[in-house]
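# Structural overview for review
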Amino acid sequence: MTWDANLHAGVTTLAETGNAPLEAARELTYLEAIREALRYELRRDPAVLLLGEDIGVYGGAFKVTQGLIEEFGEQRVIDTPMTELGMIYAAIGMSFQGFRPVVEMQFADFISTGFDAIVQFAATNHYRWGQPVPITIRAPGAGGLRAGPFHSQSNEAWFVHTPGLKVVAPATPADAWGLLVSAIRDPNPVIYYETKYLYRSLKGPVAGGEAGLTPIGVAALRREGEELSIITYGAMVHEAMAVAADLERAGHGIEVLDLRTLKPLDETAILATARKTGKVLIVHEANRTCGVGGEVAALIAERAFESLDGPITRVAAPDTPVPYSPPLEDAHRPDAAKIRAAAQQLLEY
Amino acid sequence: MELPTELLTQAHYWMRLTRALDERGAFLHKQSKIIGGYFSQIGHEAISVAAGLALGPDDVAAPMHRDLGAYLVRGLHPRRILAQFLGRATGVSRGRDANLHGMGDLSLGLIGFISHLPASTGVIAGVAHAFKLKGEPRVAMAFFGDGGASQGLAHEALNWASVFQLPMVVICENNQYAYSTPLARQMRIEHIADRAAGYGMPGVIVDGNDFCAVYEAASQAVERARAGGGPTLIECKTMRMRGHAIHDNMAYVPTELLETWARRDPIARIEALLRERGLLDDAGLAALLERIDRELDEAQAHAEASPYPDPSEVTQGVYAQ
Ligand SMILES: Cc1ncc(C[n+]2csc(CCOP(=O)(O)OP(=O)(O)O)c2C)c(N)n1
Ligand SMILES: [Mg+2]
């Protein structure tokens, strides 16, 4: 995958909203951006600490936390027993005593083992007795890596449906950095979906510093166009950008909105693009039924119906587990070809 | 070890207050002023009060639905508790959470529990972990039942506490039943404390209806935890003397079992001890009960005079700002 300069457009605009001087932008991979965001917050705030399986000496299953235990010690980069449930509950308890734990799921798939702690305890606590739960859970998700049903899941919708949580899904190194720092500072539990597929395949500029924060709840318009809007997030942003570039050569103006935050949704940006083009194509790697796309579609149907010139359309994975064998996974996972076909159909509507 | 006079008289007050508040709540439930679930405390007063008293003011506890005494001992006022039961804006959770759930107030070192047992045990492990990381001489205490003991989290949290040698005390309230399920359907072992060996921590068994026994075990465990000696699992043997909740007539519990345990009532036990040591007589008891009654009248009046939460606030407070 190659870096598309357009991807950075939204982020540059955001950087202008910051107060602090912009540190020299660096070229980082998506994975390095996550690591550097962790390092930045660990250095800045002694309350920040990391919890996870194999994240210390080993540096994490994907080496995201490599080098951090050497810099911050085992009191702040904590290798835990193999218990997602125990880990997330412990993070909640630590947060009650002033810490801001960042918990690594080895894969997003294993977050189900910690489900109760997230959706029952962390998500409800502030509403019930007023005590905030400032924890961040990093969930390396999504597919395309031939990793099979239990290492490829895009299960973000479970949490988008849960009041009290915030859910983010960066698509670029700049947002991987900026959203992680924002998540750690947020006083609420935030699930941070990082896309394994982009870890080393995507490199891009990362502003770093206070000006490089990406606010939670703000989508980024990656590309402007008049005829059709593609609304997406995560790795699919890049597939959508490829389709948009391709269709532009055929004379079509395609707008691409990168949601970046899945909860709360940036309703203003979603409605603005829907009203502008009148044709909406929603794309996600997660399976279709009750996915984030369903909520985006409902929002547009409720609030921008009069602007629509065609059916709100979804490209999503079918409702099956994520299969392993390459031809099966390719059939399962949305990609530029599938998005292009759907876009073409909608353009012709 | 002979416990000091003042501690015993104090404990007696808290245990009597716990029972009286519990009975007051049951009465309000009968009057349909409290609606929904209501959990009885009868039989558990020695455990919750003794465990609560074993903690210091800066320690943190996560009591559960049979631990009303621990909330009281840590300073949660009956006014706020009755207002909570009545769903009022002045209740601990401001009408958001039901009965004893969600009665959290960190200024009192209290964590509000969720229904999912034994969730608080995991949270308490994190609190204890924070104390250890900060090098603070504080202790965190968890409570769970014989039913909660069957959940994976009981294992995960105890193991965690031991691996990290956390300043944590776990009070297991083995009251023979989890709703209608008897102990034998919960586990094949007789003592839950035996599991402590599997985690590499001490497991202690005490008579949960004997205030002195629970207090001594809990204080020792708290001391040990505070001194850096790691966690302890204390199993308190007791009996749930009412149904699981107020709707449940517990027809499934053999009468003889209840009769046996009725003779071991924790309040009768501490009162016998106080009388034996010349610290209580009929007049003293009558005066204490009257004082408690007055306190609860006042608390109830406050709770009933309190407003319900404003329905226009229903969507507020989901997120911290
Ligand atoms: C995870 C979970 N499953 C089911 C329930 C419903 N439930 C509430 S209390 C209870 C029994 C609890 O028994 P125990 O832990 O022994 O506590 P006790 O009520 O006896 O004090 C059950 C099954 C629950 N609260 N949590
Ligand atoms: Mg029980």
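Residues numbered from 1 in each chain as written. Chains lettered and ligands numbered in written order. Predicted model: local features only at pLDDT ≥ 70, side-chain atom pairs only at ≥ 80, totals over all residues. Heavy atoms only, no water.

## Details of the coordination of the magnesium ion (ligand 2)
Residue and element names in this part refer to chain B. So the rule is basically this: For Na, K and Ca the donor cut-off is 3.2 Å, and for all other metals it is 2.8 Å, counting N, O and S atoms only; because water is absent from this set, sites may look incomplete. Going along the chain from the N terminus, every DSSP run of H or I of four or more residues is numbered as a helix, and every run of E of two or more is numbered as a strand. Burial status follows relative accessibility: with a 1.4 Å probe on protein chains alone, a residue under 20% of its type maximum counts as buried, one over 50% as exposed, and anything between as partly exposed.
Only Asp-146 (OD), Asn-175 (OD1) and Tyr-177 (O) from the protein reach the magnesium ion (ligand 2) as donors, at distances of 2.0 to 2.1 Å. Read in sequence order, the donor residues coordinating the magnesium ion (ligand 2) give the pattern D-x28-N-x1-Y. Here Asp-146 is found in the loop between strand S2 (140–145) and helix H6 (152–163), whereas its partner Tyr-177 is found in strand S4 (residues 177–178), with 31 residues between them in sequence. The same class applies to Asp-146 and to Tyr-177, which are both buried.

## Examining the interface of chain B and chain A
As a reminder of what qualifies: Residue contacts are counted whenever heavy atoms from the two residues lie within 4.5 Å of one another. Buried area: the accessible area, evaluated with a 1.4 Å probe, that two parts lose upon being put together, summed over both parts. The rule for a salt bridge is simple: a side-chain nitrogen of Lys or Arg has to be within 4 Å of a carboxyl oxygen of Asp or Glu. Pairs of N or O atoms within 3.5 Å make up the polar contacts considered here, provided that, within protein, one atom can donate a hydrogen while the other can accept it, and that residues adjacent in sequence are counted only when both atoms are side-chain atoms.
With 40 residues of chain B at the interface, the matching set in chain A holds 36 residues. Across the chain B/chain A interface, buried area totals approximately 3,200 Å², and carbon plus sulfur atoms make up 68% of it. Linking chain B with chain A are one salt bridge. A salt bridge links B:Asp97 to A:Arg128; the shortest N-O distance between them is 2.7 Å. Applying the counting rule to chain B against chain A returns 12 residue pairs in polar contact (both at pLDDT 80 or more). When residues of the side of chain B that touches chain A are traced back to their parent elements, those giving at least two are helix H5 (119–134) and H6 of chain B. The leading source of residues in the side of chain B that touches chain A is H5(B), at 11 residues.

## Let's talk about the domain arrangement of chain A
Buried accessible area, meaning the area lost when the parts come together, often serves as the stated size of an interface. Residue and element names in this part refer to chain A. The cut-off we apply is this: What marks off one domain from the next here is an automatic or database domain assignment.
Once the domains are mapped, chain A shows domain 1 (14–212) and domain 2 (220–347). Between domain 1 and domain 2, the C-alpha centre-to-centre distance is 25 Å. Taken together, the contact between domain 1 and domain 2 spans 31 residues of the former and 25 residues of the latter. Where domain 1 abuts domain 2, roughly 2,200 Å² becomes buried across the two surfaces, and 57% of that area is made up of carbon and sulfur atoms. On the domain 1 side of the contact with domain 2, Arg-146, Val-160 and Ala-169 bury the most area, a combined 26% of that side's loss. Scanning the region where domain 1 abuts domain 2 turns up four salt bridges.

## Concerning the sheet that holds strand S11 (residues 254–258) of chain A
All names here are of chain A. What counts is decided by this rule: At least two bridges found by DSSP between two strands are what make those strands a pair. Throughout, an axis means a line fitted to C-alpha atoms (over the contacting stretch in the case of helices), and angles, computed between N-to-C directions, take values from 0 to 180 degrees.
In spatial order, the strands read S9-S11-S10-S13-S14; together these five strands make up an open sheet with mixed pairing. Each of the sheet's edge strands pairs with one partner strand only, and the pair in question is strand S9 (220–223) and strand S14 (313–317). Sheet twist, expressed as the mean angle between neighbouring strand axes with direction ignored, is 25°. In this structure, strand S13 (residues 280–287) lies alongside S14, joined through five bridges in parallel fashion. Across the sheet, the residue bridging to His-284 is Ala-316, located in S14.

## Digging into the pairing of strand S5 (residues 136–141) of chain A
All names here are of chain A. Stated formally: If the strands point away from the viewer and the path from the first strand over the helix to the second runs clockwise, then the crossover is right-handed.
Of all six residues that make up S5, six are buried, and the element is covered over most of its length. Of the two faces of S5, the one carrying Thr-136, Arg-138 and Pro-140 and the one carrying Ile-137, Ala-139 and Gly-141 are both buried. Handedness of the crossover is the feature at issue here: the chain leaves strand S4 (residues 100–104), passes through helix H5 (residues 115–129), returns alongside S5, and the resulting connection is right-handed. Examined bridge by bridge, S5 and strand S7 (residues 190–195) share six bridges and lie parallel to one another. The partner of Ala-139 across the bridge, within S7, is Tyr-193.

## Regarding the pattern of salt bridges
With the rule as written, the count across this model stands at 42 salt bridges over all chains. Between A:Glu194 and A:Arg138 there is a salt bridge, with the nearest N and O atoms lying 2.8 Å from each other. In this pair, A:Glu194 is assigned in strand S7 and A:Arg138 in strand S5, connecting sequence segments 56 residues apart. Exposure remark for A:Glu194: the relative accessible area of 1% places this residue in the buried category. Taking the shortest distance from any N to any O, the salt bridge between B:Arg24 and B:Asp293 comes out at 3.2 Å. Taken together, the residues B:Arg24 in helix H1 (residues 5–30) and B:Asp293 in helix H12 (residues 282–305) connect sequence positions 269 residues apart. By sharing partners, the salt bridges in this structure join A:Glu41, A:Arg44, A:Asp45, A:Arg185 and A:Glu210 into a single network.

## A short note on the environment of B:Ala218
All names here are of chain B. On the secondary structure map, Ala-218 appears in helix H9 (residues 211–226). Residue classification places Ala-218 among the buried positions, given a relative accessible area of 0%. As for Ala-218 and Leu-55, which are separated by 163 residues in sequence, their C-alpha atoms are 8.3 Å apart. The contact partners of Ala-218, leaving out residues within four places of it in the chain, are Ala-51, Ala-54 and Ile-234.

## Examining the site of ligand 1
Residue and element names in this part refer to chain B. How we decide: It suffices for a single heavy atom of a residue to lie within 4 Å of a molecule or strand for the residue to be listed as near it. Shrake-Rupley sampling with a 1.4 Å probe provides the accessible areas, and residues are treated as covered by the protein chains on show and by no other component. Amino acids are sorted into nonpolar (Ala, Val, Leu, Ile, Met, Phe, Trp, Tyr, Cys and Pro), charged (Asp, Glu, Lys and Arg) and polar (every other residue, Gly among them).
With respect to spatial proximity, 15 residues lie near ligand 1, and among them His-65, Ser-115, Gly-147, Gly-148 and Tyr-177 are the closest. Within the contact set of ligand 1, an oxygen atom lies 2.7 Å away from a side-chain nitrogen or oxygen of His-65. Here Leu-117 contributes a backbone N or O atom positioned 3.4 Å from a nitrogen atom of ligand 1. Coverage of ligand 1 by the protein chains reaches 73% of its 570 Å² of free accessible surface. Considering only residue class, the shell around ligand 1 consists of four nonpolar, nine polar and two charged.

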